[in-house]
Amino acid sequence: MAKKAAIIVESPTKTRTLSRFLGDEYILLASKGHVRDLPKGDLGVDIDSDFQPHYQIIPQQHKTLSKLRKQLEGIDEVYLASDPDREGEAIAWHLMHALELSDAKRIEFNEITEEAVRAALENPGEINFDRVNAQQARRILDRLVGYKLSPLLWRKIGSKGKDTALSAGRVQSVALRLICDREREIAAFEPEEYWTIEALLTPDEQTTAFTAELKTKDDEEVELGNEEQVQAAVGDLRRQRFLVAEVEHKTRRRNAQPPFITSTLQRQAATDLYFSARKTMQIAQQLYEGVETAEGTVGLITYMRTDSTRVAKPAQNQTRKYIREQFGDEYVGKGVSGKKAKRAQEAHECIRPTSVFREPDKMKELLDKDQAALYELIWQRFVASQMTPAVYDQYAVDISAGPYGLRASTSAVKFPGFLRVLPDKKDKEEGQLPVLEVGQELQLVDLDPQQHFTQPPPRYNEGTLVQTLEENGIGRPSTYAPIIETLRQRRYVRMQKRAFLPTALGLTVNDYLVERFPNIMDVEFTARVEEDLDTVERGEREWVDVLRTFYPDFEASLQQAAEVGPKLLEGEVCPECGGQLYERYSAYGKFAGCENYPDCTYKRDLLEDVLGKKQPAETTGEKCPECGAELVKRTGRRGRQFIGCSGYPDCTYTRDLLGDALEQKQAPELIDENCPECGQQLVKRAGRGGRPFIGCSGYPKCRYTRPLEGAKGAGPRQEPISTDIECPDCGQKLVLRHSRRGPFLGCSAYPKCKFTRSVSEEELADIQAASNKAT
């Protein structure tokens, strides 16, 4: 009698993909991710017992495990086929413990294809405990840092409420530091003026004019720092004779970029498709696990968490066959591998299509818009990497004008090579230079001086932040997207034109951690910890040794930070009472505060150098209905204006600026009707948005309400209308929504992103016109 065997994967989608070619040979089961973890409401690590973790079943996974136990009754062999990385290995290990599978086999495959899966089944192995231990060490390190640091932040800085609970993380905090340091670089940057001069020249007896740029004077690079220098140079150039000094004609070869790894895929998807790192990984996961096609559920790409550009020989041979058939032998290349990422483990292949014969155009009708776009990006990059280089003709001319040297150059594609598959959007049609000879005289048509200013370093966007983390050896392919998402959720950063800006809260948390925990916030230190984890995975070091080395210094820093008081600002005194000033932190920023608080309430913003000086609030001439203080116009963190009390934070009264007349509280109006729930008289009230409704006069004991017939906004709900406007917080598209106050723009990622703003009449008309046209 044949043995019964089961394969446990992580997701139900994978089981459908596997069933396409395994049929009923195996029972296919899904664990739905991790089944055990450290407890949520407790540290879960016994520090005194050599950092022993106390794992527990994840509450929502009890049902999954019960179901798996039933399905495994009578099964002779079990194969654990979770993802081929540290997290996947840990999932397999936790499954073995939770299900008491002492004889379970471990199988790994980099792509969900019949060939790869059957090869894995023919060569099963054991769980790699070095890999499990590396994951354990990372998990415990992160738990220690998060659970020990976060409460300290709550005590020392505070919170704006449950939606902005502060947290710190071993890698997350370093990523925040990179963003904050860059913002300070930008704030401190002082632009410097410089000029360039272009000459419009034409050969004798020819009408073909071309442009050459001034490069040297007396064989040294020209530096023009102001208009006076430029005018002198322009006047001098007009008196010179322009001669062709040298003509250079050569070819240049340009290689394709290597296939994608996790970080480069996230960067390119951010640049080309405006995808967040999180969205890129979600869609890549779908393509890897399988999508419905005419063949059934098919995995379209290889495993998407990788730091290697390696290509398996069968895939390389298949791709060369495709290139030969489509373009010819002259387009078949050797394959581009690229530079190895810092501390790359290279355990897997690159990210590539499982079959290059599934061309993007053929797959479009089977995929949604985002899936199709990402698949095309992966397919094009991989196929291009296996093609021959592009060859360019380059033509350059050096021109002498007395002591001055100018240069003109142009290039044109001679042989497209990989550009047949992946055209370069930056390649522009350049004007061709006329055929020139050394010694030939040129006529000066015009001189064009142009003023420029040096630019500050650009803010990080998702792509460049991931690139910097990778270059510094911080984090792993699986952690980049969660790091970025955490920074957003904690409101430490916001998005502006798809770039990260630190918020006042983010800068405050960063500055506190840098001062109190320099090691945790140090890029090099964090990279060394990553290297330590890699040594555990290679079996060169015990996992507890990493924790024994890390924890004592961390604990000492924690104790010192808990005990130390605010830092004295040396040489500064309070301008109002003469007291000493101290550096203080709150959830609203970092400031200098007087030692005599609360008797002296003087404070000075210490983040002005980065965020700029706050504009004084504009008074409204009204009094606060709750405390009698002056009401002022304020601007919220997302740019939305509102009316607030000048007595804040002692008084938290606010109301919306838009249609604020509707916000004025109106006395309830009794109506001739009794409440159907408690019998008291009903009243007509006005809601927060000014919309009238019927409610019980016994409120708050009785909460009966109903809409007022004929009230504005009481009609049927209107569906959101998509727009092309980008959310400044998360980069997703905004949609036009309707509330009882009227139309407004909100993020399509709601409720994860809660950005909203008002919509102008012009915008409203344009959006509605575009929607009507689309339908």
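How each quantity is defined
Residues numbered from 1 in each chain as written. Predicted model: local features only at pLDDT ≥ 70, side-chain atom pairs only at ≥ 80, totals over all residues. Heavy atoms only, no water. Helix = DSSP H or I, 4+ residues; strand = E, 2+ residues; numbered from the N terminus. Buried < 20%, exposed > 50% of the residue type's maximum accessible area, 1.4 Å probe, protein only. Contact = heavy atoms within 4.5 Å. Areas by Shrake-Rupley, 256 points an atom, 1.4 Å probe, with all protein chains shown as cover. Pairing = 2+ DSSP bridges. Right-handed = clockwise from strand over helix to strand, strands pointing away. Lys, Arg positive; Asp, Glu negative; His and termini not counted. Salt bridge = Lys/Arg side-chain N within 4 Å of Asp/Glu carboxyl O. Polar contact = N/O pair within 3.5 Å; in protein donor to acceptor, adjacent residues only side chain to side chain. Expected span 1.5 Å × (residues − 1). Axes fitted to C-alpha atoms, helices over the stretch in contact; angles between N-to-C directions. Parallel < 35°, antiparallel > 145°, perpendicular 65-115°, else oblique. Nonpolar A, V, L, I, M, F, W, Y, C, P; charged D, E, K, R; others polar. Disulfide = S-S within 2.5 Å. Core = buried A, V, L, I, M, F, W, Y, C linked by side-chain atoms within 4.5 Å. pLDDT = per-residue confidence, 0-100. Phe/Tyr/Trp six-rings, centres within 6.5 Å; stacked < 30°, edge-to-face > 60°.

(A) Inspection of the overall build of the chain at higher detail. Helices and strands together make up the secondary structure of the chain, namely 20 helices and 35 strands. The buried share of the chain, reckoned over its 775 residues, is 46%. Across the chain, the fraction of contacts at a sequence separation of at least 24, relative to all contacts at a separation of at least 6, is 64%. Per element, the accessible surface of the chain, about 40,500 Å² overall, is 46% carbon and sulfur.

(B) Up close: the pairing of strand S2 (residues 27-30). Here strand S1 (residues 5-9) pairs with S2 via four bridges, running parallel. Residue pairing for S2: Ile7 is matched across the bridge by Leu28. Between S1 and its parallel partner S2, the chain crosses via helix H1 (residues 12-22), and the hand of that crossover is right-handed.

(C) Expanded view of the side chain of Lys590. Along the polypeptide, Lys590 turns up in strand S22 (residues 589-594). With near-sequence residues (within four places) excluded, Lys590 lies in contact with Thr508, Asp511, Glu583, Arg584, Tyr585, Arg604, Asp605, Leu606 and Leu607.

(D) Region of the structure containing the side chain of Asp85. Tracing the backbone through its elements, the reader meets Asp85 in the loop between strand S7 (77-80) and helix H3 (86-98). As a buried residue without a salt bridge, Asp85 has its nearest oppositely charged side chain in Arg305, at a separation of 5.0 Å. Within the structure, Asp85 has its side chain in polar contact with the side chain of Tyr303 (distance 2.4 Å). In contact with Asp85, other than residues within four places in its own chain, are Arg131, Tyr303, Arg305 and His348.

(E) How the structure looks around H3. With 13 residues, H3 extends 18 Å from end C-alpha to end C-alpha; this agrees with the ideal 18 Å at 1.5 Å per step. A large share of H3 lies buried, amounting to 11 of its 13 residues. All buried positions along H3 are accounted for by Arg86, Gly88, Glu89, Ala90, Ile91, Ala92, Trp93, His94, Leu95, Met96 and Ala98. Phi turns positive one or two residues past the end of H3, at Glu100, with a value near 55°.

(F) Quick look at the packing of helix H10 (residues 313-327) against helix H12 (residues 369-385). Contact pair H10 / H12: the axes reach a minimum separation of 10 Å and the direction vectors enclose 85°. Compared by their axis directions, H10 and H12 come out roughly perpendicular. Mapping the contact onto sequence places Thr319, Tyr322 and Ile323 in H10 and Trp379, Phe382 and Val383 in H12. Of the residues belonging to the contact of H10 with H12, the class tally is five nonpolar, one polar and no charged.

(G) Representation of the sheet that holds strand S20 (residues 567-573) within the structure. One open sheet accounts for four strands, arranged S20-S21-S22-S23; its pairing is antiparallel. Edge positions in the open sheet fall to S20 and strand S23 (603-605), since each of these has one partner strand only. Each neighbouring strand pair of the sheet contributes to a mean axis angle of 35°, computed without reference to strand direction. Judged from the three bridges that link them, S20 and strand S21 (residues 580-586) form a sheet pairing that is antiparallel. Across the sheet, residue Lys567 finds its bridge partner in S21, namely Glu583. Along the sheet face, helix H15 (residues 504-516) touches S20, S21 and S22 and points at about 115° away from the line of S21.

(H) Structural detail: the pairing of strand S17 (residues 441-453). Examined bridge by bridge, strand S9 (residues 193-203) and S17 share 11 bridges and lie antiparallel to one another. By the bridge assignment, Tyr194 is partnered in S17 with His452. One ladder, built from two bridges, connects strand S12 (residues 242-254) with S17; its direction is antiparallel. Each bridged residue has a counterpart across the sheet, and for Phe242 the counterpart in S17 is Leu442.

(I) The arrangement of the state of the cysteines in detail. Taken as a whole and assessed by the stated rule, the structure comprises zero disulfides. Looking at Cys600, it has no disulfide partner, and the nearest cysteine sulfur is the one in Cys574, 3.6 Å off. For Cys600, a relative accessible area of 6% corresponds to the buried category. Note on Cys678: no disulfide assigned, nearest cysteine sulfur contributed by Cys696 at a separation of 3.4 Å.

(J) Just the nonpolar core, in detail. By size, the foremost hydrophobic cluster in this structure holds 145 residues, and its most contacted members are Ile7, Leu80, Phe109, Leu149, Ile301 and Leu374. Ranked by residues supplied to this core, first place goes to helix H5 (residues 129-156) with 10 residues. Setting aside anything within four residues of it in sequence, one finds Ile7 in contact with Leu22, Tyr26, Ile27, Leu28, Leu29, Tyr79, Ala81, Ile107 and Leu121. Counting 25 residues, the second-largest nonpolar core is a separate cluster that includes Ala212, Tyr395, Ile399 and Leu406.

(K) Layout of the environment of Ala401. One can find Ala401 in strand S15 (residues 390-401). Assessed through its relative accessible area of 0%, Ala401 is described here as buried. Spatially, the C-alpha atoms of Ala401 and Leu442 are 9.9 Å apart, while their sequence positions differ by 41 residues. Not counting the four nearest positions on each side in its chain, Ala401 is found in contact with Leu237, Gln240, Arg241, Phe242 and Leu406.

(L) Region of interest: the confidence of the model for the chain. Mean pLDDT for the chain: 87, with 89% of residues reaching 70 or above. In this model residues 658-665 is a low-confidence stretch, pLDDT under 50, and it forms 12 contacts with partners more than four residues away in sequence or in other chains. Between residues 710-716, whose pLDDT stays under 50, and residues either more than four places distant or in other chains, the model counts five contacts.

(M) Local environment of the packing of aromatic side chains. Within the structure shown, the criterion is met by 13 aromatic pairs. Judged by centre distance (5.7 Å) and plane angle (75°), the rings of Phe51 and Tyr551 are edge-to-face. Linking Phe51 in the loop between strand S4 (45-46) and strand S5 (52-53) with Tyr551 in helix H17 (residues 543-563), this pair joins segments that are 500 residues apart in sequence. In this structure, Phe51 and Tyr551 share a single accessibility class: buried.

(N) Looking closely at the pattern of salt bridges. As enumerated under the stated definition, the model contains 49 salt bridges in all. Between Asp424 and Arg254 there is a salt bridge, with the nearest N and O atoms lying 2.6 Å from each other. One end of the pair, Asp424, is in the loop between strand S16 (404-415) and S17; the other, Arg254, is in strand S12, and 170 residues separate them in sequence. Using a relative accessible area of 24% as the deciding quantity, one classes Arg254 as partly exposed. Residues Asp545 and Arg541 are paired through a salt bridge, measuring 2.7 Å at the closest nitrogen-oxygen approach.

(O) Looking closely at the sheet that holds strand S8 (residues 105-106). Taken in spatial order, the four strands make up an open sheet running S2-S1-S7-S8, and their pairing is parallel. One side of each edge strand has no neighbouring strand; the edge strands of this open sheet are S2 and S8.

(P) Geometry of helix H14 (residues 480-489). The buried fraction of H14 amounts to seven of the 10 residues, a majority that puts the element mostly inside the structure. Within H14 the residues assigned to the buried category are Tyr480, Ala481, Ile483, Ile484, Glu485, Leu487 and Arg488. Where the residues of H14 are buried, they touch helix H6 (172-188), helix H8 (262-273), helix H9 (277-289), helix H13 (462-471), strand S18 (493-496) and strand S19 (499-502). One or two positions beyond H14, positive phi appears at Arg491, with a value near 60°.

(Q) Broad picture of unusual backbone geometry. Each neighbour pair has its own omega, and for Tyr597 with Pro598 the value is 10°, a cis peptide bond. Along the chain, Pro598 falls in the loop between S22 and S23. Although it is not a glycine, Asp219 sits at a positive phi angle of roughly 65°. You can call Asp219 exposed: its relative accessible area is 76%. Positioned with a positive phi, Arg498 is a non-glycine residue whose angle comes to about 65°.

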